[in-house]
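Summary of the model geometry
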Amino acid sequence: MDLAHVLYIGGGPGAGKTSVSRALAYRWDLQLYNVDHRTWDHFHRLGGPEPDWTRTPEQLVDDFVAASHRRWPLVLEDLAALPDSPAAIVEGPFVLPELVPPGAQAVFVVPTEEQIRRVRAERGSLPVIADRDVLLAQRSPGLPVDRPLDEMVELVASQFSLGGLPRVVDRPAIRRLENDVLARQLDLWPGYGGWEVPFACECDTPGCAEMIELTLAEYEAASAASGRSRLRAPRS
């Protein structure tokens with residue numbers, strides 16, 4: 001893919017990056033590259049080390065930045081392997097300003113400390129991870145997350161030039177690739193407990209934003225079935 005047609009959305013946990021990116025990618029029928037969904041694939045390709053949560057928040061910030069730089073060449077490799085069209089949105093906390101190619105379209109969203117701590121508590125994260133994320137947010141420029149999600153979606157959209165992006169779309173194919181990446185993440189993740197996760201609808205309806213909750217086992221069964229019909233949300 002031509003990396004000049006890649007949009008980047010970065011920011012810390014609690015900023016709503018995934019929700020905003022998904023809303024824009026599905027509205028415009030763009031490819032969606034979620035860096036977090038490549039975590040275990042990248043871990044296996046690079047080979048460790050795993051985070052050391054006994055370190056101080058300041059040290060964990062340095063570790064996070066170092067890990068981001070270490071993973072970035074793999075992100076670029078993954079992007080180069082995507083179809084040339086449509087354009088792609090890359091999103092995730094590892095999307096740091098200094099890593100985005102010069103001249104690329106990029107938006108960074110910055111959550112408040114309250115948002116970070118609430119999200120981390122909801123996810124059952126260690127307190128030191130929330131402390132790290134607060135420090136990361138304090139050093140990151142960007143748009144403050146100060147309005148409801150639907151308004152943040154429109155604000156971020158206004159920062160991009162979306163009209164001239166490549167739009168030749170095989171929608172089922174790009175959502176199938178997105179789903180296969182998520183399935184591989186679950187398969188490689190030692191902590192996955194078999195719960196349901198949202199997979200993208202693979203229909204060919206422009207602008208479809210439907211999600212289908214499936215376990216990995218259910219997704220694999222649906223993928224093996226003729227027509228992958230289970231992966232298309234029913235239409236009213």
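Up top you'll find the structure we're talking about.
Given the structure is predicted, the values throughout are model-derived calculations rather than measurements.

Reading the values: rules and limits
Residues numbered from 1 in each chain as written. Predicted model: local features only at pLDDT ≥ 70, side-chain atom pairs only at ≥ 80, totals over all residues. Heavy atoms only, no water. Buried < 20%, exposed > 50% of the residue type's maximum accessible area, 1.4 Å probe, protein only. Helix = DSSP H or I, 4+ residues; strand = E, 2+ residues; numbered from the N terminus. Pairing = 2+ DSSP bridges. Contact = heavy atoms within 4.5 Å. Axes fitted to C-alpha atoms, helices over the stretch in contact; angles between N-to-C directions.

Alternating positions in strand E2 (residues 31-34) separate into two faces, Gln31 and Tyr33 on one and Leu32 and Asn34 on the other, with burial throughout. Summarising the sheet, E2 and strand E3 (residues 88-92) pair through four bridges and their orientation is parallel. The partner of Gln31 across the bridge, within E3, is Ala88.

Once that is clear, we can look at the pairing of strand E4 (residues 105-110). Where strand E1 (residues 6-11) and E4 come together, five bridges link them in parallel fashion. Looking at the pairing, Leu7 lines up with Gln105 of E4. Alignment of E4 against strand E5 (residues 143-144), held across two bridges, turns out to be parallel. Note on E5: the bridge partner recorded for Val110 is Pro144.

Time to look at unusual backbone geometry. Each neighbour pair has its own omega, and for Ser85 with Pro86 the value is 5°, a cis peptide bond. Topologically, Pro86 is positioned in the loop between helix H3 (57-80) and E3. For Arg228, which is not glycine, the phi torsion reads 50° and is therefore positive. With respect to the helices and strands, the residue Arg228 is situated in the segment after helix H8 (216-224).

So, about the sheet that holds E1. Within the open sheet, the five strands sit side by side as E2-E3-E1-E4-E5. Their pairing is parallel. With one partner strand each, in any of the chains shown, E2 and E5 form the two edges of the open sheet. The pairing of E1 with E3 spans five bridges and is parallel. In the sheet register, Gly10 faces E3, and the bridge partner there is Gly92. Against the sheet, helix H1 (residues 17-27) contacts E1, E2, E3 and E4, and its axis sits at roughly 170° relative to E3.

Next up on the list: H1. Residues of H1 that are buried include every one of Lys17, Val20, Ser21, Leu24, Ala25 and Tyr26, and no others. Just past H1, the residue Asp29 takes up positive phi, approximately 55°.

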